[in-house]
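Next come the chains, spelled out residue by residue.
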Amino acid sequence: MQLIKETIDNYYSGAEIEILTSDSAEHCIQKYQETIRQMEQMGLKELEAYESRQYQAAKQKMG
């Protein structure tokens, strides 16, 4: 899971710059949607599910 997280984090840090410096709102939305699609292909949904399970487990330990 760590490799998926690192891959997504690295990809997003570059894509975020492109999103924030878009020359129009349309391009910004397009780049954002493309970024999400790419990250989903990299395993974003699986990473989110894993992190959610980890959070719930830690929360239960805290009482």
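Here, every reference points to the structure presented above.
A few points on the structure. (Residues numbered from 1 in each chain as written. Predicted model: local features only at pLDDT ≥ 70, side-chain atom pairs only at ≥ 80, totals over all residues. Heavy atoms only, no water.)

### Focus: the packing of helix H1 (residues 2-20) against helix H3 (residues 44-62)
Right, on to step 1. It is at 10 Å that the axes of H1 and H3 come closest, and there the two elements cross at 120°. Judged by the angle between their axes, H1 and H3 are oblique. Remark: the crossing between H1 and H3 carries left-handed chirality. Residue-level inspection shows Ile-4, Lys-5 and Ile-8 of H1 in contact with H3, the latter providing Leu-44, Leu-47 and Glu-51. (Axes fitted to C-alpha atoms, helices over the stretch in contact; angles between N-to-C directions. Helix = DSSP H or I, 4+ residues; strand = E, 2+ residues; numbered from the N terminus. Parallel < 35°, antiparallel > 145°, perpendicular 65-115°, else oblique. Left-handed = near helix turned anticlockwise from the far one by under 90°. Contact = heavy atoms within 4.5 Å.)

### So, the side chain of Ser-22
Right, on to step 1. Residue placement: Ser-22 occurs in the loop between H1 and helix H2 (25-42).
Right, on to step 2. Within the structure, Ser-22 has its side chain in polar contact with the backbone oxygen of Glu-18 (distance 3.0 Å).
Right, on to step 3. A polar contact of 3.0 Å, which involves the side chain of Ser-22, links it to the backbone oxygen of Ile-19.
Right, on to step 4. If near-sequence neighbours (up to four positions away) are discounted, Ser-22 is found in contact with His-27 and Cys-28. (Polar contact = N/O pair within 3.5 Å; in protein donor to acceptor, adjacent residues only side chain to side chain.)

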